[in-house]
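# What the coordinates show
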Amino acid sequence: MFCFQCEETLDSTGCIKSGVCGKTSEVSDLQDLLIYNLKGIAFWMSKTKTAGENIDNEDYLFLLKGLFTTVTNVNFDPEKMVLLINKSLDIRDKYKNKYNNVLHLSDADAHSNNLERKNAEKNNVQNNNIYNDNTDNGVSINGNSNLADFIPDSANWEPSGRNLDAYYKKAESVGIKNPSDDLVSLSELLIYGLKGMAAYAYHAYVLNYADSSMNDFIVKALSYLANKELSSDILLNLVFECGENGVKVMELLDKANTTHYGEPVPTKVLNGTKKGKSILISGHDLFELEELLKQTQGKGVNVYTHGEMLPAHSYPYFKQFKNFIGNYGGAWWEQQREFENFSGPIVMTTNCIQKPTEKYKNRIFTTDMVAMPGVKHIDNHDFSEVIKKALESDDTPEDIKGEINTGFARNTLVNSAETIINLVQAGKIKNFVVMAGCDSSDKERSYYTDLAKSLPDDSVILTAGCAKYRYNRLGLGDIEGLPRVIDAGQCNDSYSLVVAALKLKEALHLSDINDLPIFYEIAWYEQKAVLVLLALLYLGVKNIRLGYKLPAFLSPNVVNILIEKFNIMGVSSVEESLLYINGNASV
């Protein structure tokens, strides 16, 4: 294995024997093979669509699931990975056969059209015209006119058998071989952006929201990545196009959530537990929470959120459930200790699972793409077994530790713009510090807690994602009723912060979003955070301090590109950051 997709990668270089996240080398290799197969699917999908044939929506959905399942801390189960790889081969061959059937139509008109299509393909190859919505993005760019020579291995390989041994053998040849290469760096940056986009698109999909243009982009990008020879210019363009689609997918998910659950409102959430039977739900999936709350009605079971599920309390829809009590615990990386001390069963939706300890392994359940060997998986949103386990478990003791503010999402921030502007113009708010993103267990992450404590009383923290748990329980107070920690929601709700910033720029008659008194201290951990970063760059945000470690998958030359274009900065110390934020030093 070689994996360097997350912030905690070994020695800030790459995991080579097992993942710091807990995944085995075998699972890592199978995930590499699944991504490889997705490129093969995209190759044939691209050609099939160019030939005028339709792509089935469920196959687009499989691309989303396939990418999502390889996000850090999602799928640790080799058996589940085998099932996904099997299906990926079936879908790949479906479109391979579909395209070949089009090419072998026997009537004269179809034959004539095929000749024109093949000539067009040949011209595209010879002209190196690959980065174009109207071209066949799976074709190589060597200038050879024989189309058969351009079918990538990912689109054609056949296993000796559909089993682990055959897949392990193939996986050895498809992983990352030269991690320091600039083309590898750009390719992985694009892949990780696609993984983040797929995660958010999947959440929207389960609420019946989809965008065909994002599906088309994923196919285009994966199809291009199937090539043996890649262009750094094309990859860079695709990376920035991924950022554009990142904005679109966060808008889409925002629309799905707010249409289905209502506009979030500022809410004080109980921090802790009340005595009684209980269930804890973690991850990100609001639809799974909805189903759990419906099924626990009248059962005498309290439901608590954990991690990135905290913002669910601010949606009006969920306020109808009287057994939806509060939030227990903090960020995902604290779960082993926290879950051990929680009496009832735990439901893990989407990513953020860690290997369970023996103290709670028999009472944790997974849903969606999440999978862990030896852990019960729930299908079709049937929580009956979870509820039964809750009723059999000991009561959760009462342990209330105050309240947490959340719910300052897009609509609330925009509606509060006048109040915020007045406070800025009156000098009562000097600046805003965006401290959003993912948390992790690295000791250096205490930087964010220390920075929050050290900011002057006229600074307001804007946050989203689980990084908030570093400072949202510090009791930092308010400025004339406006909390000094404004929580917009989950990591995807970073979009809300940008919408508010654009509104503030307009109201203050500024020409550039970077002229606002906003400083960006972005914590990243996994691939959804990568997409959020690309989205911010697409929106023109500069001077982002990205830490606490720059991604290992960014080669020195790619880092230099980001510095030159966007002045991306690393983090050195709280003292240096305070000087920068307070305008006493430049970086």
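Anything mentioned here points back to the structure above.
All residue numbers refer to position in the chain's written sequence, counted from 1. Reporting of local features is limited, given that this is a predicted model, to residues whose pLDDT is at least 70; pairs of side-chain atoms are given and counted only at 80 or more, and all residues count toward the totals for whole chains, interfaces and linings. Heavy atoms from the whole structure form the basis of all side-chain values; hydrogens and water molecules are not counted.

Leftover empty space is mapped by rolling, across the atoms, a probe with the size of a water molecule. Counted as a void, the largest pocket has a volume near 820 Å³. Site definitions follow a grid-based scheme: protein atoms alone, a 1 Å grid, a 1.4 Å probe that fits but cannot get out for cavities, and for pockets an open set with protein on both sides within 12 Å along at least five of seven lines, plus lining residues having an atom within 4 Å of a point. Lining the largest pocket are 33 residues; nearest its centre among them are Lys39, Val174, Gly175, Ile176 and Glu188. Numbering of helices and strands runs from the N terminus, with a helix taken as a DSSP run of H or I at least four residues long and a strand as a DSSP run of E at least two residues long. Breaking the lining of the largest pocket down by element, the ones donating at least two residues are α1 (25-50) and α6 (182-205). With seven residues, α6 is the largest single contributor of residues to the lining of the largest pocket. Looking at the lining of the largest pocket residue by residue, the classes come out as 14 nonpolar, ten polar and nine charged. Grid points are joined across faces, edges and corners, and a volume is the space filled by probe spheres set on the points. By volume, the second largest pocket is sized at about 580 Å³. In terms of lining residues, the second largest pocket is bounded by 24 residues, among which Lys65, Asp368, Met369, His377 and Asp379 are the most central. Looking at the lining of the second largest pocket, the elements that each hand over two or more residues are α2 (57-68), α3 (78-103), α6 and α9 (286-296). As a working rule, the residues Ala, Val, Leu, Ile, Met, Phe, Trp, Tyr, Cys and Pro are called nonpolar, Asp, Glu, Lys and Arg charged, and the rest polar, with Gly in that last group.

This brings us to empty space enclosed by the protein. Here the structure, examined in full by the defined rule, presents 13 cavities of 30 Å³ or more. One number sums up the size of the largest cavity: a volume of about 140 Å³. Around the largest cavity, the lining residues are Leu413, Val414, Ala417, Ile420, Ile421, Phe432, Leu462, Leu497, Ala500, Ala501, Leu504 and Ile518. If you list the elements that add at least two residues to the lining of the largest cavity, you get α12 (410-415), α13 (417-425) and α15 (494-507). Examining the composition of the lining of the largest cavity, we find that four residues originate from one element, α15, more than from any other. Class assignment of the residues belonging to the lining of the largest cavity gives a composition of twelve nonpolar, no polar and no charged. Within this model, the second largest cavity holds a volume of roughly 110 Å³. If you trace the second largest cavity, you find 13 residues lining it, with Ala436, Ser494, Ile522, Val532 and Leu536 closest to the centre.

Residue alternation in strand β9 (residues 431-434) divides its side chains into two sets, Asn431 and Val433 and Phe432 and Val434, and both sets are buried. Think of it this way: DSSP has to see at least two bridges between two strands before they count as a pair. The pairing of β9 with strand β10 (residues 459-463) spans four bridges and is classified as parallel. What sits directly across from valine 434, in β10, is leucine 462. Note on handedness: a clockwise path from strand one over the helix to strand two, with the strands aimed away from the viewer, defines a right-handed crossover. On the question of chirality, the crossover connecting β9 to the parallel β10 by way of helix α14 (residues 446-454) is right-handed. The pairing of β9 with strand β14 (residues 518-523) spans three bridges and is classified as parallel. The partner of phenylalanine 432 across the bridge, within β14, is isoleucine 518. We call a residue buried when its accessible area falls under 20% of the maximum for its residue type, exposed when it is over 50%, and partly exposed in between, using a 1.4 Å probe and counting protein chains only.

It is worth spelling out the state of the cysteines at this point. Criterion for a disulfide: a pair of cysteine sulfur atoms within 2.5 Å. The tally for this structure, following the rule as stated, stands at zero disulfides. The thiol of cysteine 3 is unpaired, and the distance to the nearest cysteine sulfur, on cysteine 15, comes to 6.1 Å. Take cysteine 6: it sits in no disulfide, and the sulfur closest to it among the cysteines is that of cysteine 21, at 6.1 Å.

So, on to α3. Between the first and last C-alpha of α3 there are 37 Å, a value that for 26 residues agrees with the 38 Å anticipated at 1.5 Å per step. Sitting at the head of α3, aspartate 77 places a side-chain oxygen 3.0 Å from the backbone nitrogen of glutamate 79. In this analysis, the expected span of each helix is defined as 1.5 Å times one less than the number of residues it contains. Polar contacts, as counted here, are pairs of nitrogen or oxygen atoms within 3.5 Å of one another; within protein the pair requires one atom able to donate a hydrogen and one able to accept it, and residues that are adjacent in sequence qualify only if both atoms are side-chain atoms.

Each axis is a line fitted through C-alpha atoms, and for a helix only the stretch in contact is used; angles between axes span 0 to 180 degrees, taken between their N-to-C directions. Put simply, α6 and helix α8 (residues 232-261) touch, their axes get as near as 9 Å, and they point 15° apart. Regarding the angle of α6 to α8, the classification is roughly parallel. In this structure, α6 crosses over α8, and the sense of that crossing is left-handed. By the definition adopted for this analysis, an angle is roughly parallel if under 35 degrees, roughly antiparallel if over 145, roughly perpendicular if from 65 to 115, and oblique otherwise. What makes a crossing left-handed is the near helix being turned counterclockwise from the far one by less than a right angle; a clockwise turn instead makes it right-handed.

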